[in-house]
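Residue strings, one per chain:
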Amino acid sequence: MTFYGGESLLSEITKKPSAFPSGGTKRLPFWGYVGVSKETKLMSDYKVLELVKHLCNVIADNRNDYRTISLILKRPLLLGAEMGVCEIVEEIIKSYPDAIWFTNEKNQNLYHLAVMNRQEKVFNLIYQMTDHKHLLLMSQDVDKNNILHLAENKLNVIAGAAFQMQRELQWYKEVENIVPAECKNEINCVGETPAVVFHKSHKKLVTEGEKWMKEAATSCIVAATVTATLVFQAAFGGTNGYNKLSVFMTFGFSDALSLFSSIAAAIIFMSIITARYKQDDFLEALPRKFILGVVVMFISITSMMVAFGTTVYQIFYEKKAYLMLGLVGVSACLPMLLFVASQFSLIWHLFIYTYRPGLFSKPSKRVLDQVIR
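Here the residue numbering is sequential within each chain, running from 1 through the sequence in written order. Per-residue local features are limited, in this predicted model, to residues with pLDDT of at least 70; the limit for side-chain atom pairs, both in listing and counting, is 80 or more; totals at the level of whole chains, interfaces and linings are taken over all residues. Where side-chain values are given, they derive from all heavy atoms of the structure, hydrogens and water being excluded.

Novice: Explain the overall build of the chain to me, please; I cannot follow it from the model alone.
Specialist: Elements are defined by DSSP. Helices are runs of H or I of four residues or more, strands are runs of E of two residues or more, and each kind is numbered from the N terminus. Along the chain, the regular secondary structure elements total 16 helices and zero strands. Pairs at least 24 apart in sequence give 78% of the contacts found in the chain among residues at least 6 apart. Per-residue accessibility takes into account occlusion by the displayed protein chains alone, with areas from the Shrake-Rupley method and a 1.4 Å probe. When the accessible surface of the chain is totalled, it reaches about 20,000 Å², and 62% of it is carbon and sulfur. Contact criterion: two residues are considered in contact whenever any of their non-hydrogen atoms come within 4.5 Å of each other.

Rendered as structure tokens:
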């Protein structure tokens, strides 16, 4: 059951999180699997899961030999919690329920490792164990850190220091809401409460987040100013020569909308630059302003291109230059497409992290209550 170096086959499998559905690389739903069909991926996942189930059952059959079972199962279980492989955690606990009490050399249990490594799926899975979760939540490691102390651990899993700070605050607030009240004011071996530990460990990230947010807002203000200048000039220079009232109304409305929305975007991004930048501002206030500013900016750019399109239509349609009209029309869509392509991933994830329910509020499809009881 073991390889050279003392690692078990189950541990070696756990080190390949991409082999499991929960440990694979996150993608947007419509991207699918690049180079691998969905059916092939599902079949591969199924075979790995069957192997894991078989190994867990074989190992747990000898229930009288706790030392041997612990020696083999502890490493893959704790590794699965660290790497977010829910299938490993689930199958080991199903086959050997006492495994929930396994800890590492620092006396850190599954909850501690899931929080430290920001593995919400694993945390949700274990949190369903209603009979034991409070005991696990209240436990401390060798340095007298409870789970709220360990929530200060930060990982660079999101692009942008400001959004990383938002994610850190979300984790801390979520853990704070579920731990017993006495854990919030417990002190560790150096006499610090969880709030003090979190504040001290994230000072640099707050500074980096402020710098990142101000630089991004400044760039957007420049873009909004350029857009406002262009459409303002077009409002006075492009109102003549329209033979159709509908074309003229379309131009006027889109040009005015682009002007007002670009000014609004500049004001929104200006409010981001002049914000207080307290630690809690990164949780909701700043991300919501940033999302609103980018959306308004997109409206401004889209409206500007519509105004441009009406002018092009007026010029080339009257001259029967339909090919040129089509080429210019397609070219007019490029700025909008480039804007979406460059900003969509960032705004999508920011929107999800800002407006979705709490990290631990979604029940897992894997229910371990009956197993643990």
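Novice: When you look at the packing of aromatic side chains in this model, what are you seeing that I'm missing?
Specialist: The description of two aromatic rings rests on the distance between their centres and on the angle between their planes. The criterion for an aromatic pair is that two Phe, Tyr or Trp rings (for Trp, the six-membered ring) have centres within 6.5 Å, with stacked assigned to planes under 30 degrees apart, edge-to-face to planes over 60 apart and tilted to the rest. The tally for this structure, following the rule as stated, stands at nine aromatic pairs. Relative to Phe 290, the ring of Phe 269 lies with its centre 6.1 Å away and its plane at 75°, an arrangement referred to as edge-to-face. Taken together, the positions of Phe 269 in helix α12 (residues 245–273) and Phe 290 in helix α13 (residues 285–318) put the pair 21 residues apart, joining distant regions of the chain. The class for Phe 269 is buried, based on a relative accessible area of 0%. For Phe 290, a relative accessible area of 3% puts it in the buried group. The rule is simple: take the accessible area with a 1.4 Å probe, protein chains only, and divide by the maximum for that residue type; under 20% is buried, over 50% is exposed, in between is partly exposed.

Novice: Any chance you could explain the nonpolar core here in plain terms?
Specialist: Within soluble globular proteins, side chains that are nonpolar generally end up buried alongside one another. Among the buried residues, those of types Ala, Val, Leu, Ile, Met, Phe, Trp, Tyr and Cys that are joined through side-chain atoms within 4.5 Å form a nonpolar core. Counting 87 residues, the largest nonpolar core has Leu 10, Phe 20, Phe 123, Phe 269 and Phe 290 as its most contacted members. When residues in this core are grouped by element, the largest group, ten residues, is from helix α11 (residues 203–237). Ignoring any residue separated from it by four or fewer positions in sequence, one finds Leu 10 in contact with Val 52, Leu 55, Cys 56, Ile 59, Leu 73, Pro 76, Ile 88 and Ile 92.

Novice: Which parts of the structure should I look at to understand unusual backbone geometry?
Specialist: Negative phi values dominate among residues other than glycine, just as trans dominates among peptide bonds. The phi torsion at Asn 107 lies on the positive side, around 65°, for a residue other than glycine. Tracing the chain through its elements places Asn 107 in the loop between α4 (86–95) and α5 (110–116). Of note in this structure, Arg 118 is not a glycine but carries a positive phi near 55°. With respect to the helices and strands, the residue Arg 118 is situated in the loop between α5 and α6 (120–127). Look at Arg 118 and you get buried, because its relative accessible area is 8%.

Novice: Which parts of the structure should I look at to understand the confidence of the model for the chain?
Specialist: Close inspection of predicted coordinates is inappropriate in any region flagged by low pLDDT. Known as pLDDT, the predictor's per-residue confidence is scaled from 0 to 100. Mean pLDDT over the chain works out to 80, with 79% of the residues at or above the 70 mark. Contacts from residues 27–40, a stretch scored under 50 in pLDDT, to residues over four places away or in other chains number nine contacts. Low pLDDT, under 50, characterises residues 369–373; the predicted model gives this stretch 13 contacts beyond four residues in sequence or across chains.

Novice: Teacher, can you tell me more about a nonpolar patch on the surface here?
Specialist: A grouping of Phe 253, Leu 257, Val 295 and Ile 299 is seen on the molecular surface, where their side chains present a nonpolar patch of about 350 Å² in accessible area. Along the chain, Phe 253 falls in helix α12. Two distance rules govern patches: like charges are joined within 9 Å, and nonpolar side chains (Val, Leu, Ile, Met, Phe, Trp, Tyr) within 5 Å, applied only to residues with over 30% relative accessible area and no salt bridge. Any carboxyl oxygen of Asp or Glu that lies within 4 Å of a side-chain nitrogen of Lys or Arg is treated as forming a salt bridge with it.

Novice: For this particular structure, what's the right way to read the environment of Ser 262?
Specialist: Note that Ser 262 resides in helix α12. Overall, Ser 262 belongs to the buried group, its relative accessible area being 1%. Spatially, the C-alpha atom of Ser 262 lies 8.8 Å from that of Val 226, the residues being 36 residues apart in sequence. Every residue in contact with Ser 262, bar those within four places of it in the chain, is listed here: Ala 224, Thr 227, Ala 228 and Ser 300. Residues adjacent in sequence count toward polar contacts only when both atoms are side-chain atoms; beyond that, a polar contact is any pair of N or O atoms within 3.5 Å, and within protein one must be able to donate a hydrogen and the other to accept it. Only 2.7 Å separates the side chain of Ser 262 from the backbone oxygen of Leu 259, close enough to count as a polar contact.

Novice: Looking at this structure, how should I read the pattern of salt bridges?
Specialist: Oppositely charged side chains are able to pair whenever their charged atoms sit close together. A complete count under the given rule lists nine salt bridges for this structure. The closest approach of N and O atoms between Glu 168 and Arg 118, which form a salt bridge, is 2.5 Å. Here Glu 168, found in helix α9 (residues 161–178), pairs with Arg 118, found in the loop between α5 and α6; they are 50 residues apart in sequence, far enough to count as distant. Like Glu 168, the residue Arg 118 is buried in the burial classification.

Novice: I would appreciate a short explanation of the packing of α4 against α6 in the present structure.
Specialist: Each packed pair of helices is defined by two parameters, the angle between the axes and the distance between the axes. Fitting a line to C-alpha atoms yields each axis, with helices limited to the stretch in contact; the angle taken between N-to-C directions then spans 0 to 180 degrees. Interaxial distance between α4 and α6 falls to 9 Å at its minimum, and their mutual angle equals 25°. In terms of orientation, α4 lies roughly parallel with respect to α6. Where α4 crosses over α6, the two elements pack in a sense that is right-handed. Where α4 approaches α6, its residues Cys 86, Val 89 and Glu 90 are matched on the opposing element by Lys 121, Val 122, Leu 125 and Ile 126. When the residues that make up the contact of α4 with α6 are grouped by side-chain class, the tally is five nonpolar, no polar and two charged. Any angle that falls under 35 degrees is termed roughly parallel, while one over 145 is termed roughly antiparallel, one within 65 to 115 roughly perpendicular, and all others oblique. Less than a right angle of anticlockwise turn of the near helix away from the far helix marks a crossing as left-handed, whereas a clockwise turn marks it as right-handed. In this count, Pro and Cys sit with the nonpolar residues alongside Ala, Val, Leu, Ile, Met, Phe, Trp and Tyr, while Asp, Glu, Lys and Arg are called charged and the others, Gly among them, polar.

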